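# Tertiary structure, described
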Amino acid sequence: MTNDLIRRSDSDGIALLTLANPPVNALSLAVRQRLAALTAELEADESVRAVVLAAEGRVFVGGADIAEFDRPPEAPHLPDVIAAIEASRKPWIAALNGAALGGGAELALGCHYRIFADTARLGLPETSLGLIPGAGGTQRLPRRIGLAPAIEVITAGRTLSAAEAREAGLADRIAAGELIPEALAFARTLDGALPLPASAAPLADPGPAFWDEARARIARAARGNPAPAAALEAIRAGVAEGFAAGLRAERETFLRLRASDEAAALRHLFFAERAALRPAALRGIEPVPLTRAGVIGGGTMGSGIAAALAAAGLEVRLTETGPESLAAGLERVEAIFEAQVKRGLTDRAGAAERMARVTGTVGLGALADCDLVIEAVFEDLAVKRRVFEELVRLCGPEAILATNTSYLDPERIVEGLPHPHRFIALHFFSPAQVMKLLEIVPLAATAPRTLATGVALAARLGKIPVQAGNGEGFIGNRILKRYRAEAEALLLAGATPTEIDEAMRAFGLGMGPFEMQDMAGLDIAFRAREAARALGQDLPEGPGDRLVRAGRLGRKSGGGWYDYAPGSRLPQPSPEAAALIAPLVTPGPRPSGTEIADRLIAAMAEEGQRICDEGLAQSPSDIDLVEVHGYGFPRHKGGPMFHAARKTRSRTGGA
Ligand code: COA
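An unreviewed UniProt entry annotates the chain as 3-hydroxyacyl-CoA dehydrogenase short chain enoyl-CoA hydratase originating from Cereibacter sphaeroides. Database annotation for the chain, UniProt heading Catalytic activity (unreviewed entry): "a (3S)-3-hydroxyacyl-CoA + NAD(+) = a 3-oxoacyl-CoA + NADH + H(+)".

See below:
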């Protein structure tokens, strides 16, 4: 059985090895064993002049088998297998049919020649998994393409296209026609002389200033992930002390990081993200093919959704209630595409194509032939309901009709309307053209096909779909509410807004809870609390209420939890806010930095667990995806559920 993992077939003194370990030809233990055995066998076989290493499927090799990383490494280790290939007396030619990533790229780098299919690519994405390359990548790549480009590829986890690899001197050729016959023909032309192996190529040290600059730049971009800086140090060790010492440093760092919490967190997300795109319950259910989508409402949310849909190639009809609001909505969409050009996400022509796919109309009439309509109007039940009443008259019974509501009950929006199998809530996060999370909320009567279409839409938009049950705030906003309540509890225990925000930034969030509320405005939540009070709910007067009543609504009113100098976004501790909060503070020990972060994350995890227990989320990893992709939870901490479970395990000694 294991022999099928790499098949050997010989002709004319050339051995063709074909790797077949679907889905991505990962270099699992069994593959490494077979490759090591074949390497020895081919070396001893006098009938073999050269070896072509190829792979089946769309991917050359997707890397080491990530699923093995939770266990101790087992021999034969990849660096040794690659060293044996590089040391072979016969030329090895890697024939790259598709992506050669991580260990796959390192394997290709250890071969004497590389031929790329024109769609093939090569990259070292290990840092995005909290690792560094562990099989010579940090040593061989700089010696093949030069120090500065290699540092970029490795620390940013960038992938080189076939054309870029050719330019950089990594691809000996790009196949013009069929890859394998061309690789075999190339092998036949070789006369037995071997090129200088990467390990023997010289590499000059550019000096301390170069390394200082690189260190500073990489630390800035890493956002708390320790891997990019560690990769740089392994590269530097190889430059300063030579290839063999560099390999040792690389391996040591790789093994250390492989066992780290950060790498475990990033692996957890790697598998969770892939599982989210392929929910088991929807296996075999074909989504509705989407060509034309309507978006109702050209505000911040609607225009962001329209831009996301158009960027993914859908034809978009953006509707508004009047010509002026429509013009403003279209301008917002255009501004989004312009910003994408500035950030290098597309070029002028690309932006123009995207914009050409967006048509603006007044009223809903033009939505009749859409396959999907997403409503993003004002959060008002009666307004939304009127929209859906009109939509069901206009659109065919198979058109999928979605609401983007955040806080209303979607069942009530569509109650009693015909063909309920096609209603769904698709909850985008602002800015919708950027944020990766899409909460997908099926209603009681939603058909599996409608749900599958939501998931397929997320994949097409490059977003992460998370199915949420229909409970208040769905998953994300319900946890946010709990998080804010806990932040206020900490305030009442004597911590200041500055201390709390700093603790959360130190944990890895982009922003703390109070600066965030100042940015968004305190008044919306205040109005919601007042409405609940008017309905008889017993909500005690909290510090947020006191601030709003004193006219402190956040940045827009010049101050909220903080003060702001005119025109400045820099939060300054506010004596006025402190005085408003002070009467509510209970005496006792004040919570400190790590205790603050621990309590806030524990509150999120607790609420997440409750949501799972109530059946409103399908798994704890879905909660993690919501927080990471919708709320800026640091990736290398894996999400609140992962973080809390890991903490409990380390406290109980891994039991
Ligand atoms: N080890 C183990 N499993 C892997 C894997 C790896 N290195 N790479 C991918 N897989 C699995 C995925 O989990 C997925 O499993 P599933 O079908 O059970 O969900 C399956 O292979 C297909 O992966 P997917 O990413 O959905 O396929 P794709 O065709 O879109 O992309 C790759 C293929 C190789 C480009 C992509 O999987 C990838 O980037 N892999 C990771 C590469 C990497 O980081 N390597 C360094 C490892 S140290």
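Turning our attention to the overall build of the chain. Scanning the chain for helices and strands turns up 26 helices and 19 strands. C-alpha extents for the chain along the principal axes are approximately 90 × 65 × 45 Å. Considering only contacts in the chain between residues 6 or more positions apart, those separated by 24 or more positions represent 72%. Separation between the mean location of the 72 positive side-chain charges and that of the 79 negative ones in the chain comes to 1 Å.

What follows covers helix α11 (residues 261-277). With 17 residues, α11 extends 25 Å between its outermost C-alpha atoms, agreeing within 8% with the 24 Å of an ideal straight helix rising 1.5 Å per residue. Structurally, α11 contributes buried residues whose contacts are with α10 (243-258), α17 (448-460), β17 (464-467), α25 (620-630) and α26 (640-651).

With that settled, the discussion passes to the site of the ligand. Every one of the 18 residues lining the ligand counts as a neighbour, but Arg 58, Ala 64, Ile 66, Arg 274 and Arg 278 are closest to it. Measuring from a nitrogen atom of the ligand, one finds a backbone N or O atom of Ile 66 at 2.9 Å. Within the side chain of Arg 278, one N or O atom sits 2.8 Å away from an oxygen atom of the ligand. Among the elements that make up the shell around the ligand, the one with the highest residue count is α11 (three residues). Partitioned by chemical class, the residues of the shell around the ligand number 10 nonpolar, two polar and six charged.

Under the counting rule described, the total for this entry stands at 45 salt bridges. Among the ionic pairs, Glu 233 bridges to Arg 215, the shortest N-O distance being 2.8 Å. Within this pair, whereas Glu 233 is found in helix α9 (residues 227-241), its partner Arg 215 is found in helix α8 (residues 208-222), the two being separated by 18 residues in sequence. Given the relative accessible area of 34%, Arg 215 is considered partly exposed. Here Glu 389 and Arg 385 are joined by a salt bridge, their closest N and O atoms 3.3 Å apart. You can see Glu 389 and its partner Arg 385 sitting in helix α15 (residues 381-394), four residues apart, about one turn around the helix. Shared partners join several salt bridges into a network, and the residues in it are Arg 478, Arg 482, Glu 606, Glu 607, Arg 610 and Glu 614.

On to the domain arrangement of the chain. On domain assignment, one finds that the chain holds domain 1 (2-258), domain 2 (281-467) and domain 3 (476-615). Placing a centre on the C-alpha atoms of domain 1 and another on those of domain 3 gives a separation of 49 Å.

Further remarks concern the sheet that holds strand β15 (residues 423-428). Across the sheet, eight strands lie side by side as β12-β11-β10-β13-β14-β15-β16-β17; this open sheet has mixed pairing. Each having just a single partner strand, β12 (358-362) and β17 make up the two edges of the open sheet. Each neighbouring strand pair of the sheet contributes to a mean axis angle of 25°, computed without reference to strand direction. Both strand β10 (residues 292-296) and strand β13 (residues 372-375) contribute to a ladder of four bridges, which runs parallel. The residue of β13 that forms the bridge with Ile 296 is Glu 375. Contacting β16 (437-442) and β17, α25 runs over the sheet at an angle of about 135° to β17.

This part takes up the environment of Glu 439. Its location among the elements puts Glu 439 in strand β16. Residue Glu 439 is classed as buried on the basis of its relative accessible area of 0%. Each C-alpha atom, one on Glu 439 and one on Val 59, is 30 Å from the other, the two residues being 380 residues apart in sequence. Residue contacts for Glu 439: discarding those within four places in its chain leaves Ala 425, Leu 426, His 427, Phe 429, Val 466, Phe 474, Ile 475, Gly 476 and Val 626. A polar contact is formed between the side chain of Glu 439 and the backbone nitrogen of Ile 475, at a distance of 3.2 Å.

What follows deals with the sheet that holds strand β7 (residues 121-123). With respect to topology, three strands assemble into an open sheet ordered β5-β7-β8, the strand pairing being mixed. In this open sheet, the two strands that pair with only one neighbour each are β5 (99-101) and β8 (159-161). In this sheet, adjacent strand axes meet at a mean angle of 15° when their direction is disregarded.

This part covers the packing of helix α19 (residues 497-507) against helix α20 (residues 513-520). Running from amino to carboxyl end, α19 crosses α20 at an angle of 105°, the nearest separation of the two axes being 7 Å. With respect to their mutual orientation, α19 and α20 come out roughly perpendicular. Across the interface between the two elements, Pro 497, Ile 500, Asp 501, Met 504 and Arg 505 of α19 pack against Pro 513, Phe 514 and Glu 515 of α20.

Within this numbering scheme, the UniProt entry marks residues 473-564 as carrying the feature "domain: 3-hydroxyacyl-CoA dehydrogenase C-terminal" (unreviewed entry). This span, residues 473-564, is 60% helix and 2% strand, and a straight line between its end C-alpha atoms measures 30 Å.

Summarising burial for β16: five of the six residues are buried, a large majority. Both β15 and β16 contribute to a ladder of five bridges, which runs antiparallel. If you follow His 427 over to β16, its bridge partner there is Glu 439. Relative to β17, β16 runs parallel, the two sharing four bridges. Residue pairing across strands places Ile 440 opposite Gln 467, the latter belonging to β17.

The next thing to look at is α9. Here α9 contains 15 residues, and its C-alpha end-to-end distance of 21 Å stays within 8% of the 21 Å for a straight helix at 1.5 Å per residue. Looking at α9, one finds that the buried residues are Ala 227, Pro 228, Ala 230, Ala 231, Leu 232, Ala 234, Ile 235, Ala 237, Gly 238 and Val 239. Of the surrounding secondary structure, the elements contacted by the buried residues of α9 are α4 (137-145), α5 (147-156), α8 and α10. In the segment just after α9, Gly 242 is the residue with positive phi, at about 100°.

Conventions adopted
Residues numbered from 1 in each chain as written. Predicted model: local features only at pLDDT ≥ 70, side-chain atom pairs only at ≥ 80, totals over all residues. Heavy atoms only, no water. UniProt positions renumbered as here; feature names shortened; annotations may be inferred. Helix = DSSP H or I, 4+ residues; strand = E, 2+ residues; numbered from the N terminus. Contact = heavy atoms within 4.5 Å. Lys, Arg positive; Asp, Glu negative; His and termini not counted. Charge placed at Lys NZ, Arg CZ, Asp CG, Glu CD. Expected span 1.5 Å × (residues − 1). Near = heavy atom within 4 Å. Polar contact = N/O pair within 3.5 Å; in protein donor to acceptor, adjacent residues only side chain to side chain. Nonpolar A, V, L, I, M, F, W, Y, C, P; charged D, E, K, R; others polar. Salt bridge = Lys/Arg side-chain N within 4 Å of Asp/Glu carboxyl O. Buried < 20%, exposed > 50% of the residue type's maximum accessible area, 1.4 Å probe, protein only. Domains from an automatic or database assignment. Pairing = 2+ DSSP bridges. Axes fitted to C-alpha atoms, helices over the stretch in contact; angles between N-to-C directions. Parallel < 35°, antiparallel > 145°, perpendicular 65-115°, else oblique.

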